[in-house]
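# Structure at a glance
Here are the chains, one letter per residue:
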Amino acid sequence: MTLVFLDSHALNPGDLRWEQIERFGTLTTYDRTPAELIVERAKDADVVLTNKVHFTEEIFAQLPKLRLILEAATGYDNIDLAAARRHGVAVCNVPAYSTLAVAQHAMALLLEVCNQVGHYTALIAQQPNACTPEPCE
């Protein structure tokens, strides 16, 4: 099976390895793919992994081998789902990969609003004689 990740930088800026995905076939990764190179890079792919690349009717028509798009995000508004269906291409996304991180971030923002830690930190940083390790006078 041939797998192509068209915009892998969104998921892996260089600090991850691809062995788990490579178990499923021959994987080719591209950091980013401009619109004019989508067909050229994906023409032999059975599976395309993407995050931001747009798939339109015109793109699907030029990729007869394509059977699956794996969207490495929660949303898939970059993929024409009706066109995918017409061309027999399944589309899968990651529906809840960041749920805990979003909840954690929401709590952090709530605490910031209540305690104004960022505001007070900025005020202290503006003080010419801000507290140092020695006691403040």
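Higher on the page you've got the structure.
Here goes a summary of the coordinates provided.

Here is what the cut-offs are and how they apply
Residues numbered from 1 in each chain as written. Predicted model: local features only at pLDDT ≥ 70, side-chain atom pairs only at ≥ 80, totals over all residues. Heavy atoms only, no water. Pairing = 2+ DSSP bridges. Helix = DSSP H or I, 4+ residues; strand = E, 2+ residues; numbered from the N terminus. Axes fitted to C-alpha atoms, helices over the stretch in contact; angles between N-to-C directions.

## Some words on the pairing of strand β1 (residues 2–5)
- Bridge analysis of β1 against strand β2 (residues 26–29) gives 4 bridges, and the strand direction is parallel. Bridging from a neighbouring strand, F5 pairs with T29 of β2.
- Pairing analysis gives 3 bridges linking β1 to strand β3 (residues 47–50), with the strands arranged parallel. Bridge pairing in β3 places F5 opposite L49.

## Thoughts on the sheet that holds β2
- Sheet architecture is open: 5 strands sit in the order β2-β1-β3-β4-β5, paired in parallel fashion. The open sheet is flanked by β2 and β5 (90–92), the only strands paired with a single partner. Averaged over all neighbouring strand pairs, the angle between strand axes comes to 15°, with direction disregarded.
- Pairing of strand β4 (residues 68–71) with β5, which is carried by 3 bridges, proceeds in the parallel orientation. The partner of L68 across the bridge, within β5, is A90.

## Topic: unusual backbone geometry
- Positive phi outside glycine occurs at Q116, with the angle close to 55°.
- Position of Q116 relative to the elements: it lies in the loop between α5 (99–115) and α6 (117–126).

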